[in-house]
Amino acid sequence: MTDEKRQAFYELFVEMNNCMTQPDPKDFDRDYFVDILRRICELFGIAKGVTEFYQSFKDEEEHNGEVLIDYDNGHGEVVVIKRRIITRFKGVIIGTLLAAKDAEPLDEEEKTKLDQVLRALLAFISRNRLIRVVEKLGYYDEYSYPNLRHFYRYLGEQNEKGRLKEMTIACLNLRHFGLINQEIGRKLGDVVMKGFFDLIKEACGESGCVCRMGGDNFILACEKVRVDRLLDVTAGSAVAYDAEHDKRVLVSASVGLYNVADDFVMDGPGILMDRVMTAVNMARQGVEGNVIFYDDRVRDRKQVLQRLQSEFPKAIQNREFHVYYQPKVHVETGELKGAEALCRWIKDGKVVSPGDFIPALEQGVEICELDYYMLERVCEDIARWLEEGRDVVRISVNFSRKHLVETDLLEHILDVVEKYRIPHEYIEIELTETTTDVEFKDLKRVVMGLRSEGIYMAVDDFGVGYSSLNLIREIPWHVIKIDRSILPETEADANCITGLMYKHVVSMIRDLGMEVVTEGVEQKWQVDLLRDTQCYMAQGFYFDKPLPVEEFEARLRKSFYGLFL
Ligand code: C2E
Ligand code: MG
Ligand code: MG
């Protein structure tokens, strides 16, 4: 190696090191760096430099990685040096230098110098990759969606730039995504979710940020002017999952939003998150639509909810919750065939209806406690009626879907029933339709389990929301309760589409061998319709409202309703 060449090498090597060791990685000048490498290659007669990066040994074996040609003058024919290093995260980086077949051979010192360059280069790549790997591990989830930490970092940056007040924060929950998964399979479900995510991202624009919080929940921030576009997407968008066969599925989301106020001062993401979460929880319930903006009214609602939740333990201890019984009547014989237990909160002498407190309790775990409490009171009543020698009928108790995640739901229900020695055929459990596939699996297990113990199982509110035929095809229910929204409201309706639908739903359920109950029967002609349609069980104000226990006891003479027919 000549002195001249040695000198030139040292100068280039220092330049290369300076370039690689910028204190701020953002200042790294890639073009300049590649130019230094080119000059080093030319100095040593190297024709081509290649670096390869693999995330794992397996990827290396399968040649599944990134291959970068750092320099190539078209004559790289023989390998001069090849180095392979393993990174801390078990990634593999390989550097190869090639020369032309007829190039002047390098002496030992020259080879050592080139090796030095290659090692420095690989160490540099490894460190940079490391930063990227760490970024990826910390700010993205396992499906490569940006995560909540990513979102918090973004909020912090926007706050520093004083841009928060131009923004809207929103939380989305995909609607019925479990059913989509069920219908097209999980793998394509993932494709759909990504497709929908991309639409949301596009609506939020370059300046926005969309992250996944887990499951089918997303959080985002975008400029206020973009909200209309965003809501267009969330209202319902067709997302392709099989372009070749032009297959699409409609995806929509419940959305909670907060328009950041002009005078909002951010002290961590807590308050912003709290506001959008409150709004999205309301949106998910859907009582006031699927899009809820956080405002004073929402704040007040939340306070009512918190108050209810805090009053609950005392109320249950003081036995302020009472069972009212609503009879189910056979429309041909007028016999009392059963009753539904419905909860009433008698608070300061006033009767509070479930609509005013159940949705609040359903946001926490309180609802589960209430349901067991109701079951227990029902068992107490049945035990007393049996003792008094009354003609007892089957009583149905509502169980919130929230119970489905309890692993001991089955045992818990049986324990209560056993405690009062109630013959199982007197107990029926009503569960509402379910929309997620995780729940669907649990639902099936619970229904089969209780059924095998001789407890009756019913689907409540069939026909509202997103009825799934899978629900009744795959799960062996005893009873389907048709929601009153399916029952025609006027005699004119009875002869139109509503009437037709009602009749077909009843006959389908009967054909499947299940018992049908129609809820919300208020008028005589509806009773006649039920009879014509062969739905023999009716529940509704026409016969009785939910009754306090003493009044209901008077109905336990089976022919009471004969006069109404
Ligand atoms: P649900 O289980 O579908 O109960 C039927 C509701 O329809 C009852 O309302 C009943 O009073 C009402 N209803 C019955 N017949 C008629 C009619 O002819 N016309 C009209 N317009 N309405 C009628 P309620 O008692 O206010 O209960 C509302 C909902 O609250 C129930 O709907 C049920 O989902 C829930 N709920 C009540 N008690 C409990 C409970 O102990 N646990 C749980 N998890 N939910 C409960
Ligand atoms: Mg019910
Ligand atoms: Mg119902």
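Residues numbered from 1 in each chain as written. Chains lettered and ligands numbered in written order. Predicted model: local features only at pLDDT ≥ 70, side-chain atom pairs only at ≥ 80, totals over all residues. Heavy atoms only, no water.

Some remarks on the site of ligand 1
Part 1 of the argument: In the vicinity of ligand 1 there are 23 residues, among which Glu340, Asp371, Asp460, Glu522 and Phe541 approach most closely.
Part 2 of the argument: Within the side chain of Gln326, one N or O atom sits 3.0 Å away from a nitrogen atom of ligand 1.
Part 3 of the argument: The side chain of Asp371 places a nitrogen or oxygen atom 2.6 Å from a nitrogen atom of ligand 1.
Part 4 of the argument: The protein chains hide 82% of the 790 Å² of surface that ligand 1 would expose on its own.
Part 5 of the argument: Those elements that provide at least two residues to the shell around ligand 1 are strand 13 (336–347), helix 12 (366–387) and strand 17 (456–462).
Part 6 of the argument: The biggest single contributor to the shell around ligand 1 is strand 13, with 4 residues.
Part 7 of the argument: Its residues assigned to classes, the shell around ligand 1 shows 9 nonpolar, 5 polar and 9 charged. (Near = heavy atom within 4 Å. Polar contact = N/O pair within 3.5 Å; in protein donor to acceptor, adjacent residues only side chain to side chain. Areas by Shrake-Rupley, 256 points an atom, 1.4 Å probe, with all protein chains shown as cover. Helix = DSSP H or I, 4+ residues; strand = E, 2+ residues; numbered from the N terminus. Nonpolar A, V, L, I, M, F, W, Y, C, P; charged D, E, K, R; others polar.)

Observations concerning the coordination of the magnesium ion (ligand 3)
Part 1 of the argument: Taken together, the protein ligands of the magnesium ion (ligand 3) are Asp460 (OD), Asp461 (OD), Glu519 (OE) and Glu519 (OE), with distances of 2.0 to 2.4 Å.
Part 2 of the argument: Considered as a linear motif, the donors of the magnesium ion (ligand 3) on their single chain read D-D-x57-E.
Part 3 of the argument: Separating the magnesium ion (ligand 3) and the magnesium ion (ligand 2) is a distance of 3.9 Å, and Asp460 donates to both of them. With Asp460 in strand 17 and Glu519 in strand 19 (residues 515–519), this residue pair connects regions lying 59 residues apart in the sequence.
Part 4 of the argument: A residue is classified by how much of its surface remains accessible, and Asp460, at 6% relative accessible area, is buried. (Donors = N, O, S within 2.8 Å, 3.2 Å for Na, K, Ca; no water. Buried < 20%, exposed > 50% of the residue type's maximum accessible area, 1.4 Å probe, protein only.)

What about the side chain of Glu110?
Part 1 of the argument: By the element assignment, Glu110 lies in helix 4 (residues 108–139).
Part 2 of the argument: At 2.7 Å, the side chain of Glu110 forms a polar contact with the side chain of Lys5.
Part 3 of the argument: With residues near it in sequence (within four places) discarded, Glu110 still touches Met1, Lys5, Phe44 and Pro105. (Contact = heavy atoms within 4.5 Å.)

Observations concerning the coordination of the magnesium ion (ligand 2)
Part 1 of the argument: At the metal site, the magnesium ion (ligand 2) is ligated by Glu340 (OE), Asn398 (OD1), Glu430 (OE) and Asp460 (OD), and these contacts range over 2.0 to 2.2 Å.
Part 2 of the argument: One chain supplies every donor for the magnesium ion (ligand 2), spaced along it as E-x57-N-x31-E-x29-D.
Part 3 of the argument: A relative accessible area of 3% places Glu340 in the buried class.

Re helix 6 (residues 177–184)
Part 1 of the argument: The buried fraction of helix 6 is high, at 6 of 8 residues.
Part 2 of the argument: Burial in helix 6 covers these residues: Phe177, Gly178, Leu179, Ile180, Asn181 and Ile184.
Part 3 of the argument: In the stretch just after helix 6, Gly185 is the one whose phi turns positive, near 95 degrees.

With respect to the domain arrangement of the chain
Interface size is commonly expressed as the accessible area that is lost once the parts come together.
Part 1 of the argument: Per the domain assignment, the segments making up the chain are domain 1 (3–139), domain 2 (148–294) and domain 3 (303–556).
Part 2 of the argument: The C-alpha centroid of domain 3 is placed 71 Å from the C-alpha centroid of domain 1. (Domains from an automatic or database assignment.)

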